[in-house]
Amino acid sequence: MPETAAPTPKAAPFRASIMQIEPQWIDYNGHLNMAYYNVMFDRAIDQLWAELGIGPAYMKERGGSTFTAECHVRYLREIHLGDPVQILVWLLEADDKRLHTFEEMRHASEGWLSATSENMSLHMDMNARRVAPFPPDISERIAAVIKAHSAVSRPEGIGRNVAMPSKR
């Protein structure tokens, strides 16, 4: 997907293209293997990054990219071969070097929630291979999308941690 000059933020989460499960991603339990949830979430983020102007062309032309620093995936309902998938992405917060996102994987035609992924991404200067601030034009785009996404309800599950249920 080509990168655009500037996004027109909407008061709605970003909707990635509808994706299909690939046959080799199905494990011996007959459902999508856990590793490929991350592949699909990553493909959706790549689409949003391209709209923000921080995709492959940005890396090639300006020497910047993003690395995932942290990821928390929740597997809520099995997804199977033949199920169309759409991922919604909220850009929750950002500072000069980091992006906090939340994604929902939904069955594209029935709408039910299969999984969520909460991520912290770092902006990288690829020449120095170090975390670096976003350029001002990119920071402005990010701020506009965060403002638009903050106008809609936040999805359930943001900020969850991994822990055993407390015993009462």
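Summarised in this report is the structure supplied together with it. (Residues numbered from 1 in each chain as written. Predicted model: local features only at pLDDT ≥ 70, side-chain atom pairs only at ≥ 80, totals over all residues. Heavy atoms only, no water.)

Across its full length, the protein carries 3 helices and 7 strands. Relative to its length of 168 residues, the protein is compact, with a C-alpha radius of gyration of 17 Å against a globular reference of 15 Å. In terms of overall dimensions, the protein has C-alpha extents of about 45 × 45 × 35 Å along its principal axes. As displayed, the protein has an accessible area near 9,600 Å², and 52% of this comes from carbon and sulfur atoms. Of the charged side chains in the protein, 18 are positive and 21 negative; the average position of the first set lies 4 Å away from that of the second. (Helix = DSSP H or I, 4+ residues; strand = E, 2+ residues; numbered from the N terminus. Rg over C-alpha atoms; globule rule 2.2 N^0.38 Å. Areas by Shrake-Rupley, 256 points an atom, 1.4 Å probe, with all protein chains shown as cover. Lys, Arg positive; Asp, Glu negative; His and termini not counted. Charge placed at Lys NZ, Arg CZ, Asp CG, Glu CD.)

Another point: the layout of surface pockets. Volume-wise, the largest pocket comes out at about 310 Å³. Of all the secondary-structure elements, those providing two or more residues to the lining of the largest pocket are helix H1 (34–52), strand S3 (64–75), strand S5 (98–107) and strand S6 (113–125). The dominant element in the lining of the largest pocket, judged by the number of residues it contributes, is H1, at 6 residues. Its residues assigned to classes, the lining of the largest pocket shows 7 nonpolar, 9 polar and 3 charged. (1 Å grid on protein atoms, 1.4 Å probe; cavity = no way out; pocket = protein on both sides within 12 Å on 5 of 7 lines; lining within 4 Å. Points joined across faces, edges and corners; volume = space filled by probe spheres on them. Nonpolar A, V, L, I, M, F, W, Y, C, P; charged D, E, K, R; others polar.)

Right, let's talk about the environment of Lys60 for a bit. Position of Lys60 relative to the elements: it lies in helix H2 (residues 56–62). Looking at Lys60, the relative accessible area reads 75%, which means it is exposed. Through-space distance from the C-alpha of Lys60 to that of Asn33 is 32 Å; in sequence the pair is 27 residues apart. (Buried < 20%, exposed > 50% of the residue type's maximum accessible area, 1.4 Å probe, protein only.)

Moving on: the packing of aromatic side chains. Each aromatic ring pair is summarised here by two numbers: the centre-to-centre distance and the angle between the ring planes. For the structure on display, the rule yields 3 aromatic pairs. Plain terms: the ring middles of Trp25 and Tyr36 are 5.1 Å apart, the flat faces sit at 10° to each other, and that makes the pair stacked. Remark: Tyr36 occurs in helix H1 and Trp25 occurs in the loop between strand S2 (19–20) and H1; sequence separation between them is 11 residues. Pairing Tyr37 with Tyr75 gives two aromatic rings, centres 4.9 Å apart and planes at 80°, and the pair type is edge-to-face. On the criterion of sequence distance, the pair formed by Tyr37 in helix H1 and Tyr75 in strand S3 is long-range, its members being 38 residues apart. A relative accessible area of 39% means that Tyr75 is categorised as partly exposed. Seen from the ring of Trp112, Arg77 lies directly overhead, with NZ or CZ sitting 3.8 Å from the centre. (Phe/Tyr/Trp six-rings, centres within 6.5 Å; stacked < 30°, edge-to-face > 60°. Lys NZ or Arg CZ within 6 Å of the ring centre and 35° of its normal.)

In this section: the nonpolar core. Of all hydrophobic cores here, the largest spans 31 residues; its most connected members are Met40, Leu52, Ile54, Ile87, Met105 and Ile142. Secondary structure elements with two or more residues in this core: H1, strand S4 (84–94), S5 and helix H3 (136–149). Setting aside residues no more than four positions away along its own chain, Ile87 makes contact with Phe14, Arg15, Ala16, Met19, Met40, Phe41, Ala44, Glu103, Glu104 and Met105. (Core = buried A, V, L, I, M, F, W, Y, C linked by side-chain atoms within 4.5 Å. Contact = heavy atoms within 4.5 Å.)

Our next topic: H1. Taking 1.5 Å of rise per residue, the 19 residues of H1 would be expected to cover 27 Å, and the 28 Å separating its terminal C-alpha atoms lies within 8% of that figure. Just past H1, the residue Gly53 takes up positive phi, approximately 85°. (Expected span 1.5 Å × (residues − 1).)

In this section: the pattern of salt bridges. Counted by the stated rule, this structure contains 6 salt bridges. With a shortest N-O distance of 3.4 Å, Glu22 and Arg43 are connected by a salt bridge. Within this pair, whereas Glu22 is found in the loop between S2 and H1, its partner Arg43 is found in helix H1, the two being separated by 21 residues in sequence. The class for Arg43 is partly exposed, based on a relative accessible area of 38%. For Glu156, the salt bridge identified is with Arg74, shortest N-O distance 3.4 Å. With a gap of 82 residues between them, Glu156 in the segment after H3 and Arg74 in strand S3 connect regions that are remote in the sequence. (Salt bridge = Lys/Arg side-chain N within 4 Å of Asp/Glu carboxyl O.)

Take H3 next. For H3, spanning 14 residues, the distance from its first C-alpha to its last is 20 Å, which sits close to the expected 20 Å at 1.5 Å a residue. On its buried side, H3 packs onto strand S1 (14–15), H1, H2, S4 and S5.

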